[in-house]
Structures are given as structure tokens and as C-alpha cells.
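Topology and contacts: notes
Residue-level listing of the chains:
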Amino acid sequence: MKRIYLDYAATTPADKEVLKEMLPYFSENFGNAMSIHSFGQDALQAVDSARGKIATFFGAVPSEIIFTSGATESNNITIKGVLKSYYSKAENAKIKPHIITTAFEHHCVLDSCKTVEKEGLAEVSYIKPDKDGLIKVSDIAKAIKSNTILISVMYVNNEIGTVQPIEKIGKLVKKLNATKKENEFKLLFHTDATQAVNYFDCNVAKLSVDLLSMSAHKIYGPKGVGMLYVKKGTTIKKIQDGGDQEYKMRAGTHNVPGIVGFGKAIEQIANRKTQNVNRKVLELRDYLIAKVSKEIPKAVLNGSKILRSPNNANFSFADVEGEGLLLSLDMEGIACSTGSACSSGALSPSHVLLSIGLKAEQAHGSLRFTLGKYTTKQEIDAAVKKLKTIVERLRKISGNILGEYYNKSHKA
Ligand code: PMP
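My aim in this report is to walk through the structure given alongside it, one point at a time. If you're wondering where the values come from, they're calculated on a predicted model, not measured in any experiment.

1. Focus: the overall build of the chain
- Broken down by element type, the chain carries 14 helices and 14 strands.
- Relative to the globule expectation of 22 Å for 412 residues, the C-alpha radius of gyration of the chain, 23 Å, shows essentially globular dimensions.
- Over its C-alpha atoms, taken along the principal directions, the chain stretches across nearly 75 × 55 × 40 Å.
- Relative to its 412 residues, the chain shows a buried fraction of 53%.
- For the chain, contacts bridging at least 24 residues in sequence account for 73% of all contacts bridging at least 6.
- Summed over its atoms, the accessible surface of the chain is roughly 19,100 Å², and 56% of this surface lies on carbon and sulfur atoms.
- Mean positive and mean negative side-chain charge positions of the chain (57 and 42 charges, respectively) differ by 4 Å.

The following block contains the structure:
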């Protein structure tokens with residue numbers, strides 16, 4: 001059976017060129033980038049070269065790029081490191097700081113915020129998106145208080161693909177900071193750009209961000225490596241003790257092959273733009289949305305159709321369970337995902353879909369399809385054909401079960 005992968009937001013396959021560049025750094029160029037001898041220096045050179053490419057991509061300087069194990073770590077460093085820096089100043093001890101984030105961030109941001117809240121280190125406002133999955137700049141503005149020190153808003157939502165007004169929020173933060181007096185708290189602005197890097201402008205000056213996170217495995221790079229952009233002068237402290245790597249911001253031996261692959265993967269993003277690969281992905285996504293909407297009754301696209309990542313289509317299918325759909329599709333070799341999370345044996349509906357106003361049962365009947373550079377029209381056709389059959393079958397079963405229940409309860 002030929003398998004069809006429609007889950008590029010979960011991860012992407014490492015590009016062959018990326019893998020080729022990485023391979024020597026597992027074996028012949030295996031040095032530790034912190035070693036002084038030539039083996040180490042070769043590794044350091046490779047790390048610095050990748051750092052340069054990544055800095056260029058983001059319009060940053062190399063010393064502002066901190067390699068991490070991925071966006072989860074970068075986001076943890078952001079929330080916890082900014083607070084650590086805040087509390088390192090004795091005069092701040094009396095004022096509990098305030099963080100603004102959104103209700104539909106990835107769990108690594110949400111749970112970091114919940115942790116610091118529980119520990120009594122910060123108060124947090126969780127801004128709700130509108131029904132289209134968009135955060136309003138005015139809602140962010142309204143939430144800002146005199147003790148707000150950090151705003152963290154994701155660039156592209158990982159479940160519904162909606163694109164947030166990062167540039168506008170950045171401008172707002174910049175304007176507010178310009179009016180602040182020397183002794184007032186400056187606002188820091190962070191964006192989790194993990195799902196944006198492939199398709200959107202991530203120039204840090206244009207976005208006016210102080211911090212930006214991402215993972216290499218979402219851009220056809222390797223897993224287990226990512227970065228945090230930290231604008232020069234940002235008040236943040238490391239949260240992990242150990243060696244002096246990464247300008248003393250992130251201790252631990254460099255993942256040299258991973259970093260090399262990350263550098264190559266970043267370089268390839270520009271090629272995909274010029275070779276119209278992204279346009280092809282967008283056209284396929286629109287084809288998928290149109291086909292599903294036409295051929296499957298009661299299928300609703302979640303999130304704005306316009307302000308949306310070129311590779312994301314997230315649907316709710318009435319009267320079916322997303323998990324059932326997902327497993328049935330998987331048996332046919334088609335891979336996609338649901339936003340439902342399994343906690344203690346029960347499925348909890350996606351916090352993202354609930355945040356845009358879906359009812360729990362609608363959120364449960366949802367599927368995310370995310371496309372990538374290898375996706376073809378034939379794959380979309382095959383996937384929709386199977387999906388249609390499976391939705392019909394599952395609806396019949398759930399209809400029968402409901403019917404039986406109805407009959408029984410009337411007889412009783
Ligand atoms: N943020 C977003 C928006 C993501 O999509 C992901 C990955 N699904 C992460 C953070 C976490 O990335 P990683 O698991 O690579 O650390």
C-alpha cells in the first residue's frame with residue numbers, strides 16, 4: 001500500500017541534501033565544538049557557519065541565535081528565563097509581573113505559563129482568538145498593564161494554521177516602550193514562529209520581536225534541534241546550568257550534525273520560494289478545501305480561509321469522532337492528525353478548537369491535514385476519496401447506535 005503523508009505540521013522528512021551535509025558530522029568530523037583541538041575547531045566552524053545562515057535568514061546577527069533542542073525548549077527558556085531575569089533584580093521582588101499570551105498557543109507555551117502562575121511567579125492573561133482563529137491587536141493592547149513584562153503570541157497556529165498579526169503587535173509594543181520612563185518595565189515581545197518559518201516573512205526587525213522560537217524538523221531539517229532568537233540587550237537569563245555554550249545562554253554539548261542540517265534546511269527555504277513550491281502547496285490546499293467542502297456533507301473548515309498557512313486545512317465533520325476517522329484513514333495508509341489530546345485514558349477536545357468557539361463534540365469530530373513540498377494532486381484525490389467513504393461509514397454506524405439508543409429509551 002502506498003502511504004500518503006498529510007501531517008507536515010507534525011514533522012517533515014529531512015531533505016536528502018540536508019542529510020548529506022549532516023552525515024560527516026556523525027563520524028569523521030565528530031569533534032565537540034567546545035574543544036580547543038582541531039577536531040573541535042572543525043565542529044565549531046560548522047556550527048558557526050550554520051549560525052551565520054540562520055542569522056541571515058532572520059535578519060539577525062549571529063550572536064543573537066541560540067541553538068536549542070527545539071521550540072519546546074526555546075519557549076520554556078523564554079517564559080522562565082525572562083522571569084528569572086526579572087527576579088534577579090532585588091527591587092522587583094515586591095511586584096508580581098504580568099505575562100500576556102493567547103488561549104491557543106502550543107502546550108509548551110501554555111503549560112510554561114501555567115507553571116509559573118502556579119508557582120506564584122507571575123500572573124498571566126490568556127487572550128482568546130475570535131471565531132476565525134485570529135487574535136485582535138486591540139485585545140492585546142487592552143490587556144497590557146503597568147507590570148506587563150512579556151507578550152508571547154504565536155505566528156501561525158499549529159492546529160488551524162491561522163496567521164496572527166505579529167508585525168502589528170510588534171509595532172504596538174515598540175510604541176509603548178518608547179513612551180516608558182527609565183524606571184518603568186519594558187515590554188518584551190516573543191513569537192513562536194515554528195509553523196511560520198516555511199511560508200512567512202520572519203525578519204525579526206520587520207516583526208519587531210525580541211525573541212523568536214522555532215524547530216528545524218518543521219522545515220525539512222532534523223529533529224531535536226531548534227533555536228531561540230534573542231535580540232541583543234534582551235533581559236533574559238539561562239534556565240539550565242552546565243557549560244558555557246551558546247553565549248552562556250544554553251548549556252550542553254552542541255548537536256553538531258543537527259545544527260549543520262538546520263543551517264542547510266534554512267538555506268533551502270529561499271529556494272522553495274523562488275521555485276514556486278509554496279505556491280503549489282497553496283494551490284493544493286485550496287483544491288483540498290474545495291473538494292472536501294463539495295464532496296463531504298457537513299464538513300466545515302475551521303479558522304480563517306484567508307489568513308491561513310498555505311499548507312493547513314482543518315475540518316470538523318458533524319456526527320463523527322475525529323479519532324475514529326484518523327484511525328480508519330491510517331488503516332488506508334493516510335496520515336493526518338486530530339487536535340484531541342489523550343489525558344488519563346480519555347480524549348480531551350482540542351484547546352485550540354474550543355478557543356475559537358467550537359463545542360466539544362464539534363472539536364472531537366475534527367481533522368487536520370497539513371501539506372508539504374512532496375504532496376501531489378493524486379494524493380489529495382486519493383485521500384479525499386477514502387475520507388468520503390470513511391465519513392459515510394462512520395456516520396451510518398453512529399446513526400445506527402443513536403437510533404438503537406433512541407428506540408430503547410422509548411420502549412423503556
Ligand atoms: N510550537 C509550535 C507552534 C509547534 O507546532 C510545535 C511542534 N508541534 C512546537 C512549538 C514544539 O516543537 P518541538 O516539539 O519541536 O519542540
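2. Some words on empty space enclosed by the protein
- Scanning the model with the defined rule gives 2 cavities of 30 Å³ or more in all.
- Volume-wise, the largest cavity comes out at about 80 Å³.
- Taken together, 14 residues make up the lining of the largest cavity; nearest its centre are Tyr8, Asn198, Tyr199, Lys218 and Asn311.
- Considering only residue class, the lining of the largest cavity consists of 7 nonpolar, 6 polar and 1 charged.
- Both of domain 1 (4–11 + 273–411) and domain 2 (16–271) provide at least three residues apiece to the lining of the largest cavity.
- The space that makes up the second largest cavity amounts to roughly 40 Å³.
- Along its surface, the second largest cavity is lined by Ala9, Val156, Asn157, Asn158, Gly161, Gln195, Ser309, Asn311, Asn312 and Thr370.
- Class assignment for the residues of the lining of the second largest cavity results in 2 nonpolar, 8 polar and no charged.

3. Brief notes about the layout of surface pockets
- Space inside the largest pocket adds up to approximately 740 Å³.
- Lining the largest pocket are 30 residues; nearest its centre among them are Glu184, Phe185, Lys186, Leu187 and Thr235.
- Mapped onto the lining of the largest pocket, the elements with two or more residues apiece are α3 (71–87), α6 (166–179) and α7 (204–207).
- Counting residues per element, the lining of the largest pocket draws most heavily on α6, which supplies 5 residues.
- Volume-wise, the second largest pocket comes out at about 460 Å³.
- Taken together, 29 residues make up the lining of the second largest pocket; nearest its centre are His106, Asn158, Glu159, Lys218 and Arg368.
- Where the lining of the second largest pocket is concerned, the elements lending two or more residues are α3, α4 (107–118) and α12 (351–355).
- Considered class by class, the residues forming the lining of the second largest pocket number 9 nonpolar, 15 polar and 5 charged.
- Residues lining the lining of the second largest pocket come from more than one domain, with at least three contributed by each of domain 1 (4–11 + 273–411) and domain 2 (16–271).

4. What about the side chain of Ser152?
- With respect to the element layout, Ser152 can be found in strand β5 (residues 148–152).
- Polar contacts involving the side chain of Ser152 include one to the side chain of His190, which spans 2.8 Å.
- Once you skip the residues sitting within four places of it in the chain, Ser152 turns out to touch Ile100, Thr101, Thr102, Glu105, Val109 and His190.

5. Quick look at the sheet that holds β5
- In space, the 7 strands of this open sheet follow the order β2-β8-β7-β6-β5-β3-β4, with mixed pairing throughout. Edge strands, defined here as strands with exactly one partner in the open sheet, are β2 (65–68) and β4 (123–127). The sheet shows a mean angle of 20° between the axes of neighbouring strands, taken without regard to direction.
- Sheet topology places strand β6 (residues 188–192) next to strand β7 (residues 211–215); 3 bridges connect them, and they run parallel. Looking at β7, one finds that Asp192 is bridged to Ser213.
- Its contacts with the sheet place α4 against β3 (98–102), β4, β5 and β6, and it is angled at close to 150° to β4.

6. Considering the pairing of β3
- When you tally the buried positions in β3, you get 5 out of 5 residues, the bulk of the element.
- Where burial is concerned, the two faces of β3 agree: the one with His98, Ile100 and Thr102 and the one with Ile99 and Thr101 are both buried.
- Here β3 pairs with β4 via 5 bridges, running parallel. Note that in β4 the partner of Ile100 across the bridge is Ser125.
- Read from β3 through α4 to β4, the crossover connection turns out right-handed.
- Pairing analysis gives 3 bridges linking β3 to β5, with the strands arranged parallel. Across the sheet, the residue bridging to His98 is Thr148, located in β5.

7. Digging into the pattern of salt bridges
- Per the counting criterion, the structure on display carries 21 salt bridges.
- One salt bridge connects Glu21 with Lys264, and the closest N-O pair in it is separated by 3.7 Å. You can see Glu21 sitting in helix α1 (residues 16–22) and its partner Lys264 sitting in helix α9 (residues 256–274), a full 243 residues away along the chain.
- What you see here is one network of salt bridges that share partners, running through Glu21, Lys53, Lys264 and Glu267.

8. Concerning the nonpolar core
- Membership of the largest hydrophobic core comes to 90 residues, with the highest contact counts inside it found for Phe58, Ile151, Tyr155, Met227, Phe262, Phe317 and Leu387.
- Of the domains in this structure, domain 1 (4–11 + 273–411) and domain 2 (16–271) are the two that each give at least three residues to this core.
- Setting aside chain neighbours within four positions, we find Met227 in contact with Ile54, Phe58, Ile65, Ile66, Phe67, Thr68, Ser74, Leu212, Ser213, Met214 and Phe262.

About the thresholds
- Residues numbered from 1 in each chain as written.
- Predicted model: local features only at pLDDT ≥ 70, side-chain atom pairs only at ≥ 80, totals over all residues.
- Heavy atoms only, no water.
- Helix = DSSP H or I, 4+ residues; strand = E, 2+ residues; numbered from the N terminus.
- Rg over C-alpha atoms; globule rule 2.2 N^0.38 Å.
- Buried < 20%, exposed > 50% of the residue type's maximum accessible area, 1.4 Å probe, protein only.
- Contact = heavy atoms within 4.5 Å.
- Areas by Shrake-Rupley, 256 points an atom, 1.4 Å probe, with all protein chains shown as cover.
- Lys, Arg positive; Asp, Glu negative; His and termini not counted.
- Charge placed at Lys NZ, Arg CZ, Asp CG, Glu CD.
- 1 Å grid on protein atoms, 1.4 Å probe; cavity = no way out; pocket = protein on both sides within 12 Å on 5 of 7 lines; lining within 4 Å.
- Points joined across faces, edges and corners; volume = space filled by probe spheres on them.
- Nonpolar A, V, L, I, M, F, W, Y, C, P; charged D, E, K, R; others polar.
- Domains from an automatic or database assignment.
- Polar contact = N/O pair within 3.5 Å; in protein donor to acceptor, adjacent residues only side chain to side chain.
- Pairing = 2+ DSSP bridges.
- Axes fitted to C-alpha atoms, helices over the stretch in contact; angles between N-to-C directions.
- Right-handed = clockwise from strand over helix to strand, strands pointing away.
- Salt bridge = Lys/Arg side-chain N within 4 Å of Asp/Glu carboxyl O.
- Core = buried A, V, L, I, M, F, W, Y, C linked by side-chain atoms within 4.5 Å.

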